[in-house]
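Working through the structure, step by step
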Amino acid sequence: MCRNITTLRGLEPHATDAEIEAAARQYVRKVTGVQQLSDATREPFERAVAEIAHITAHLLEDLPERRRPPTTVPPLRRPEVAARVAAREAG
């Protein structure tokens, strides 16, 4: 369903809050079809992202360790993506 959401369970080091939130945001975008937030969609959209991120964090904590790590690296862990995020936050 959501090809852009990468597997977070089994990462070393463990998935960060930013990675969990990014996955939740992609999920909410996909199921709602909301790509651009408006005044009418912002609050319910952000609330859903926060709730799904919270549940996801608990799920990742509760599941047993994976026998093998995921085969893909989440985008936020890629150096080029981290550099773009840092540049955006700085400016």
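Residues numbered from 1 in each chain as written. Predicted model: local features only at pLDDT ≥ 70, side-chain atom pairs only at ≥ 80, totals over all residues. Heavy atoms only, no water.

**Brief notes about the overall build of the chain**
Rules: Only runs of H or I of at least four residues qualify as helices and only runs of E of at least two qualify as strands under DSSP, and these elements are numbered from the N terminus. Burial classification: accessible surface area is computed with a 1.4 Å probe over protein chains only, and a residue below 20% of its type maximum counts as buried, one above 50% as exposed, and the rest as partly exposed. Only heavy atoms enter the contact rule, under which two residues are in contact if any of them lie within 4.5 Å. Here, Shrake-Rupley sampling with a 1.4 Å probe gives the accessible areas, and only protein chains in the shown set may cover a residue. Note on charges: Lys and Arg go in the positive column, Asp and Glu in the negative column, and His and the chain ends are not counted at all. Here the site of a charge means NZ on Lys, CZ on Arg, CG on Asp, or CD on Glu.
Helix and strand content of the chain: three helices and zero strands. The linear arrangement of helices and strands in the chain, starting from the amino end, is α-α-α. Once the C-alpha set of the chain is aligned to its principal axes, its extents read approximately 45 × 30 × 20 Å. Relative to its 91 residues, the chain shows a buried fraction of 21%. When contacts within the chain are restricted to residue pairs at least 6 apart in sequence, long-range pairs at least 24 apart make up 68% of them. Carbon and sulfur atoms form 53% of the exposed surface of the chain, whose accessible area is close to 6900 Å². Here the chain contributes 14 positive and 13 negative side-chain charges, whose respective centroids are spaced 9 Å apart.

**Details of the nonpolar core**
Convention followed: Take the buried Ala, Val, Leu, Ile, Met, Phe, Trp, Tyr and Cys residues and link them wherever side-chain atoms come within 4.5 Å; each set so joined is a nonpolar core.
Judged by nonpolar contacts, Leu8, Leu11, Ala15, Ile20, Ala23, Ala24, Val28, Val34, Phe45, Val49 and Ala53 together constitute the single largest core of eleven residues. Put simply, the parts of the chain that give this core at least two residues each are α1 (17–32) and α2 (39–62). Broken down by element, this core gets its largest block of residues, four residues, from α1. If we skip the residues at most four places from it in the chain, valine 34 touches Arg29, Thr41 and Phe45.

**What about the environment of glutamate 51?**
As for its position among the elements, glutamate 51 is in helix α2. Each C-alpha atom of the pair glutamate 51 and alanine 24 lies 8.6 Å from the other, and the pair is 27 residues apart in sequence.

**Observations concerning the pattern of salt bridges**
Side chains carrying opposite charge are able to pair once their charged atoms draw close together. Using the following cut-off: Within this document, salt bridges are pairs made up of a side-chain nitrogen of Lys or Arg and a carboxyl oxygen of Asp or Glu, the two lying within 4 Å of each other.
Under the criterion given, the structure shown has four salt bridges. We note a salt bridge from glutamate 46 to arginine 25, for which the minimum N-O separation is 2.9 Å. With a gap of 21 residues between them, glutamate 46 in helix α2 and arginine 25 in helix α1 connect regions that are remote in the sequence. One network of salt bridges, with partners in common, ties together Glu21, Arg25 and Glu46.

**As for the side chain of threonine 6**
One can find threonine 6 in the segment before α1. On the accessibility criterion, threonine 6 (18% relative accessible area) is buried. If sequence neighbours within four positions are ignored, threonine 6 has contacts with Thr72, Pro74 and Pro75.

**Observations concerning the confidence of the model for the chain**
As a reminder, the rule being used: The pLDDT score gives, residue by residue, the confidence of the prediction method on a 0 to 100 scale.
Per-chain confidence: the chain averages 90 in pLDDT, with 97% of residues scoring 70 or above. Element-level pLDDT for the chain is lowest in helix α3 (residues 79–90), with a mean of 86, against a maximum mean of 97 in α2.

**Comments concerning the packing of α1 against α2**
To keep things clear, this is the line we draw: Axis definition: a line fit to C-alpha positions, over the contact stretch in the case of helices; interaxial angles, taken between N-to-C directions, run 0 to 180 degrees. Note that the term roughly parallel is reserved for angles under 35 degrees, roughly antiparallel for angles over 145, roughly perpendicular for angles of 65 to 115, and oblique for everything else. It is the rotation of the near helix from the far one that decides the hand of a crossing: anticlockwise by less than a right angle makes it left-handed, clockwise makes it right-handed.
Their axes nearest at 8 Å, the elements α1 and α2 cross at an angle of 130°. Our classification of the angle between α1 and α2 gives oblique. Note on packing geometry: the crossing formed by α1 with α2 is right-handed. Within the contact between the two elements, α1 uses Ile20, Glu21, Ala24, Arg25, Tyr27, Val28, Arg29 and Thr32 and α2 uses Phe45, Glu46, Ala48, Val49, Ile52, Ala53, Thr56, Ala57 and Leu60.

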